[in-house]
Amino acid sequence: MECNERRIQALLVFTVVIVIALSTITSTAFFLPAISYSQLSTTPSSNNIANTKVVILSFDDNRKGDFTYAKPILDKYGFKATFFIICGKTTDKGAMNWQEIASMQSDGMDIESHTMTHKHLNHLSASALNFEIAGSKQCLASHGYNTTSFAYPYDEGADNVTVVNTVAKYYDLARTGSEPLMFLNCNGFKNHPQTDCKTYLPDGKLTYANRYAIRSLSFDRYEIKDLFNNASIFSDFGQILNSQSNYNKGNGIISLSGIGNNVGGAVPLITFHNVRPVNNVPYTTNVGVFAELMKYLHDNGYKVLDMANLRYDTKSNVSHIT
Ligand SMILES: [Zn+2]
């Protein structure tokens, strides 16, 4: 009897402790600041939607910081990304060199083309345009890289028939700006109605989104807009990444195929330029901030992909994720 009473007492004490702990957690949750490192990092992922959350990561301009600081963080989580290389600028100060690029590829990173010298493409002569677009493919091939994707410098050229026709001769896909999501069927852009991803309209004009105008976002632009304030950087990142959940419904990665859906899946393509231990530098992401952003992707069950995971189906004129 005495023994049972002790047990009941112990049970009561345990219950009271649990109730206090629960109420503390609840009230803390309500009074948390708008956003913080810890809140972002510990948000539990929901299993039923976790594997429909994806992001394609790119790094442009072969900056050394991407090798020295970003790669170890990507490696920590097993994330693979695309590195768009300016083939004529691998010996510049602060640039990733060929040895580092080779090490990127041998560790599973995707190496793609970002022109020879990073020119504005819209007003070049035919030969200069060819040098930038075909020349960079050839230049990368001479170093052992078979490239299938191209990224337009300054997000310029995807609305120019001459530029696009040249790109189309040498690459399967080309990436431009400036949208938080790429709709795999190309039919979710409110201001640019399309029914599929065909490159040309019947009148010969270019469509807004197509295989040579894969829409993406330079996240470092948000960092500038946010005046490098960590709280707003993290909240913007979470918002952009989560916006896909309105479109990617279903139980697996296969649901991201645009085929057969009214509005196919949507994928955020996020670009960084330079990751370094510096603050408040435009187009440069502080390495600590970058580490937190990648931790967020990991902790929230995002599947991180590169450009090689994005394919275009020429029969159905939509893209899909592999
Ligand atoms: Zn660039």
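Conventions and cut-offs
Residues numbered from 1 in each chain as written. Predicted model: local features only at pLDDT ≥ 70, side-chain atom pairs only at ≥ 80, totals over all residues. Helix = DSSP H or I, 4+ residues; strand = E, 2+ residues; numbered from the N terminus. Buried ≥ 20, exposed ≤ 12 C-beta atoms within 10 Å, placed from the backbone. Contact = placed C-beta atoms within 7 Å. Expected span 1.5 Å × (residues − 1). Core = buried A, V, L, I, M, F, W, Y, C linked by C-beta atoms within 7 Å. Arc of directions from axis to C-beta. Pairing = 2+ DSSP bridges. Right-handed = clockwise from strand over helix to strand, strands pointing away. Axes fitted to C-alpha atoms, helices over the stretch in contact; angles between N-to-C directions. Parallel < 35°, antiparallel > 145°, perpendicular 65-115°, else oblique. Left-handed = near helix turned anticlockwise from the far one by under 90°. Nonpolar A, V, L, I, M, F, W, Y, C, P; charged D, E, K, R; others polar.

### Brief notes about the overall build of the protein chain
When its secondary structure is counted, the protein chain shows 10 helices and 15 strands. Counting the 322 residues in the protein chain, one finds 38% classified as buried. Sequence-distant contacts, at least 24 apart, represent 70% of the contacts inside the protein chain between residues at least 6 apart.

### Some details on the environment of Pro-268
Of note, Pro-268 is situated in the loop between strand 9 (266–267) and strand 10 (269–272). Since 24 C-beta atoms lie within 10 Å of it, Pro-268 is described here as buried. Taking C-alpha positions, Pro-268 is 7.2 Å from Gln-244, a pair spaced 24 residues apart along the chain. For Pro-268, the contacting residues outside a window of four places in its chain are Val-55, Pro-180, Leu-181, Leu-217, Ile-240, Leu-241 and Gln-244.

### Some remarks on helix 10 (residues 287–299)
Owing to its 3.6 residues per turn, the α-helix aligns residues three or four sequence positions apart on the same side. In a regular helix each residue adds 1.5 Å, so 13 residues correspond to 18 Å; helix 10 covers 18 Å between its end C-alpha atoms and thus fits that length. In this structure, the buried side of helix 10 is in contact with strand 1 (54–60), helix 4 (64–77), helix 9 (230–242), strand 11 (274–276), strand 12 (284–286) and strand 13 (303–305). Positive backbone phi, at 75°, marks Gly-301, one or two positions downstream of helix 10.

### Re the environment of Asp-92
Structurally, Asp-92 can be placed in the loop between strand 2 (82–85) and helix 5 (98–106). With 28 residues separating them in the primary sequence, Asp-92 and Lys-64 have C-alpha atoms 10.0 Å apart.

### Remarks on the nonpolar core
Phe-83, Ile-85, Val-167, Ala-174, Met-182 and Val-267 are the most contacted members of the largest nonpolar core, which has 69 residues in total. For Val-167, the residues in contact, after removing those within four places along its chain, are Ile-133, Phe-150, Ala-174 and Tyr-212.

### Side note on unusual backbone geometry
At the junction of Gly-177 and Ser-178, the peptide bond is cis and its omega measures out at -20° in the coordinates. In this model, Asp-155 sits at a positive phi of 55°, which is unusual for a non-glycine residue. You can see Asp-155 is positioned in the loop between strand 4 (149–151) and helix 7 (161–170). Exposure remark for Asp-155: the 18 C-beta atoms within 10 Å place this residue in the partly exposed category.

### Here's the deal with helix 7
Burial in helix 7 covers these residues: Val-163, Val-164, Thr-166 and Val-167. The buried residues of helix 7 all sit within an arc of 160° when viewed along its axis, so they share a single face. Turned more than 90 degrees off the buried face of helix 7, the exposed positions are Val-161 and Lys-169. Packing partners of the buried residues in helix 7 comprise helix 6 (126–142), strand 4 and strand 5 (173–176).

### Brief notes about the pairing of strand 5
Across the two faces of strand 5 the burial is the same, with Leu-173 and Arg-175 and Ala-174 and Thr-176 all buried. Both strand 4 and strand 5 contribute to a ladder of 3 bridges, which runs parallel. Paired with Ala-151 across the bridge in strand 5 is Arg-175. Handedness of the crossover is the feature at issue here: the chain leaves strand 4, passes through helix 7, returns alongside strand 5, and the resulting connection is right-handed. With 2 bridges connecting them, strand 5 and strand 7 (residues 214–215) associate as parallel partners. Across the sheet, Thr-176 pairs through a bridge with Arg-215, a residue of strand 7.

### Let's talk about the packing of helix 6 against helix 7
Between helix 6 and helix 7, the shortest axis-to-axis distance is 10 Å and the interhelical angle comes to 20°. In this view, helix 6 runs roughly parallel relative to helix 7, as classed from their interaxial angle. In this structure, helix 6 crosses over helix 7, and the sense of that crossing is right-handed. Of the residues in helix 7, those touching helix 6 at Leu-129, Asn-130, Ile-133, Ala-134 and Lys-137 are Thr-162, Val-163, Thr-166, Val-167 and Tyr-170. Residues that form the contact of helix 6 with helix 7 fall into these classes: 6 nonpolar, 3 polar and 1 charged.

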